[in-house]
Amino acid sequence: AAIGFTALYSKLCDRMEQKDVFYACTIPFLCFFAAFAFVIFPNVGALHPHAFVDKIALALPEGFGAPLAIVRNWSFALFYVMAEMWGSVVASLLFWSFANEVTTVDEAKKYYPLFGLGANVALIFSGQYVRFVSSLRANLPPGVDPWGVSIKYLMGAVVASGGCLVSIFSYMQRRVMTDPDCFDQEKRAAKKKKKKVKMGLRESAKFLVSSPYIRDLAMLVISYGMCINLVEVSWKSKLKAAYPNPNDYSSFMGNFSSATGSVTLIMMLLGRKIFKIFGWRKAAMVTPSMIGITGLAFYALTLFAPFFEPIAASLGTTPLMLAVMVGAAQNILSKSAKYSLFDPCKEMAYIPLDQDSKTKGKAAVDVVGNPLGKSGGALIQQILIFGVGSLAAATPYLAGILGVLLFFWYKAVNSLAAQFEDAMEASEVA
């Protein structure tokens, strides 16, 4: 799906203005989420081909169980793909493409950390909204589908906020982007007149592979995705063991989202100081350092649980709950570093590039790199589980792999920092 969208996005960028690409990518997502909540999910019994899959399963080996499960529950699989793509396409690609278009590097150092403030205020409120929906689900009368009610509330909120997003973007295009006091109209006209270089998917792939700058950006994104996935899956296995009740689990995740938003707000304010005092290179190293320190601490707690039993007892808890809390702290700190420093660093790096590298390079890095990082981490874990028998037994290997990934992440940061400085000097001369 990510590769397919990258090809589609490349075609749209060749044939449409950037503002029209925004509408063409955002509105279909919102239509799907509304349709899923109010049309597809209430009728899954009729839409899912259970009888057909049961018949096919009799003729196929047991190894086909996973792909058959996807076919059997195709609407849920499609929703998962669209939900994953929403974050990569809208929250990352489209928003930051627009920000990069209207912001200079000097402005970005001041304002990019602050752009996340609004997003993380929303994260705090969305976490509490999830808790509110969970409480509604727990108190529904018999005979009412609790998940159906939850999905309508949740997707209703997504569609409403998406409508606000499209409306604000439209207002900015009509009133802000055309205002000479807000935006350089000569620069905007020059961008419109510039002939776009059209490249197919193969040409775009060759272009990206041949660019060390884009490769290093991709390494940053893939390394983050793989590192966070390696730790997060292990943490969530502990979390499910601590909260087997779905309502308790959902309520915990609501509080977790709110805590992530609160910590990120503080990190956003610190981020401006870090950029100002230490510069791009040091700011870009904060996120891998945070993931490395907290991730290895979580793995140590998991591997040496008997050693920490007296400590857990003195705190009035169990080793399992202590691992859950440490893992939660790891995720909160890592994600707050990502939102406040990693994302602004990554987006600043696109600013001195030419327009084709910005649009097509960013599409490949964000839309393909993000899922590739997550799926790469998942693949590593599946291979290890198959080889050693369980996720718990694979923990020492996961800790070692995390260290290797962090090494390549640091290497990419140093390489990209040098190229970014050269690109900035070249853009200032031009």
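Along every chain, residues carry numbers that run from 1 in the direction the sequence is written. Reporting in this predicted model follows two pLDDT cut-offs: at least 70 for local features of residues, and 80 or more for side-chain atom pairs to be given and counted; totals over whole chains, interfaces and linings ignore these cut-offs and use all residues. Side-chain measures here rest on the full set of heavy atoms in the structure, leaving out hydrogens and waters.

Overview of the overall build of the protein
Point 1. Secondary structure counts use DSSP, requiring at least four H or I residues in a row for a helix and at least two E residues in a row for a strand, with both numbered from the N terminus. Of regular secondary structure, the protein possesses 16 helices and zero strands.
Point 2. Looking at the protein as a whole, 43% of its 430 residues qualify as buried.
Point 3. When contacts within the protein are restricted to residue pairs at least 6 apart in sequence, long-range pairs at least 24 apart make up 80% of them.
Point 4. In the structure as shown, the protein presents an accessible area of about 21700 Å², 68% of it carried by carbon and sulfur atoms. Burial status follows relative accessibility: with a 1.4 Å probe on protein chains alone, a residue under 20% of its type maximum counts as buried, one over 50% as exposed, and anything between as partly exposed. By definition, residues are in contact when any of their heavy atoms lie within 4.5 Å. The Shrake-Rupley method, run with a 1.4 Å probe, gives the accessible areas here. Residue values count only the displayed protein chains as cover.

A look at a positive patch on the surface
Point 1. For patch detection, residues must exceed 30% relative accessible area and be free of salt bridges, and they are connected within 9 Å for like charges or within 5 Å for nonpolar side chains (Val, Leu, Ile, Met, Phe, Trp, Tyr). Within this document, salt bridges are pairs made up of a side-chain nitrogen of Lys or Arg and a carboxyl oxygen of Asp or Glu, the two lying within 4 Å of each other. As used throughout, the charge tally considers Lys and Arg to be positive and Asp and Glu to be negative, leaving His and the chain termini uncounted. We put the charge of a Lys on NZ, of an Arg on CZ, of an Asp on CG and of a Glu on CD. On the surface, a cluster of positive charge is made up of Lys110, Arg272, Lys273 and Lys276.
Point 2. The element that contributes the greatest number of residues to the positive patch is helix H12 (residues 246-303), accounting for three residues.
Point 3. Note that Arg272 resides in helix H12.
Point 4. We classify Arg272 as partly exposed; its relative accessible area is 34%.

Looking at the environment of Thr287
Point 1. Secondary-structure assignment places Thr287 in helix H12.
Point 2. For Thr287, a relative accessible area of 0% translates into the label buried.
Point 3. Distance from Thr287 to Ser334, taken between C-alpha atoms, is 6.5 Å for residues 47 residues apart in sequence.
Point 4. With sequence-adjacent residues up to four places away left out, Thr287 is seen in contact with Tyr224, Ser334, Ala337, Lys338, Leu341, Phe342 and Trp409.
Point 5. There is a polar contact of 3.2 Å between the side chain of Thr287 and the backbone oxygen of Ala337. We define a polar contact as two N or O atoms separated by no more than 3.5 Å, with the added condition that, inside protein, one atom must be a possible hydrogen donor and the other a possible acceptor, whereas residues neighbouring each other in sequence contribute only through side-chain atom pairs.

Digging into the confidence of the model for the protein
Point 1. Per residue, pLDDT measures the predictor's confidence, with a range of 0 to 100. In the predicted model, the protein carries a mean pLDDT of 82, and 88% of its residues have values of at least 70.
Point 2. The element-level mean pLDDT for the protein is lowest in helix H9 (residues 185-193), coming to 55, with helix H2 (residues 18-40) highest at 92.
Point 3. Taken as a whole, residues 193-197 scores under 50 in pLDDT and shows seven contacts with residues more than four places along the chain or in a different chain.

So, helix H13 (residues 305-314)
Residues three or four positions apart in an α-helix share a direction because the helix packs 3.6 residues into each turn.
Point 1. Burial analysis of H13 places just one of its 10 residues in the buried class, which makes it a mostly uncovered element.
Point 2. Within two residues after H13, Gly316 carries a phi angle of roughly 75°, on the positive side.

Topic: helix H11 (residues 212-242)
Point 1. Helix span, as expected, comes to 1.5 Å for every residue beyond the first. The end-to-end C-alpha distance of H11, which contains 31 residues, comes to 45 Å, matching closely the 45 Å that a straight helix rising 1.5 Å per residue would cover.
Point 2. Along H11, 22 of the 31 residues are buried, which leaves the element largely enclosed by surrounding structure.

Considering a nonpolar patch on the surface
Point 1. A contiguous nonpolar patch, built from Leu303, Phe304, Phe307, Ile311 and Leu315 and spanning about 530 Å² of accessible area, is present on the exposed surface.
Point 2. The topology assignment puts Phe304 in the loop between H12 and H13.

Describing the packing of aromatic side chains
Point 1. In this scheme Phe, Tyr and Trp rings, the latter by its six-membered ring, pair at centre separations within 6.5 Å, and the angle between planes marks the pair as stacked below 30 degrees, edge-to-face above 60, and tilted otherwise. Per the stated rule, a full pass over the model turns up 25 aromatic pairs.
Point 2. Centroid distance Tyr243 to Phe252: 5.1 Å. Interplanar angle 35°. Geometry classified as tilted.
Point 3. The class for Phe252 is buried, based on a relative accessible area of 14%.
Point 4. Here the aromatic residues Phe29, Phe32, Phe33, Phe36, Phe41, Phe76, Phe79 and Trp86 are joined through ring pairs into a cluster of three or more.

Considering empty space enclosed by the protein
Point 1. Points on a 1 Å grid, built from protein atoms alone, make a cavity when a 1.4 Å probe fits but cannot get out and make a pocket when they are open with protein on both sides within 12 Å along at least 5 of 7 lines; residues with an atom within 4 Å of a point are the lining residues. Grid points are joined across faces, edges and corners, and a volume is the space filled by probe spheres set on the points. Counted by the stated rule, this structure contains two cavities of 30 Å³ or more.
Point 2. Put simply, the largest cavity is a space of about 80 Å³.
Point 3. Looking at the largest cavity, the residues that line it are Gln18, Ser97, Asn100, Glu101, Gln355, Lys358, Thr359 and Lys362.
Point 4. Breaking the lining of the largest cavity down by element, the ones donating at least two residues are helix H6 (74-102) and helix H15 (355-388).

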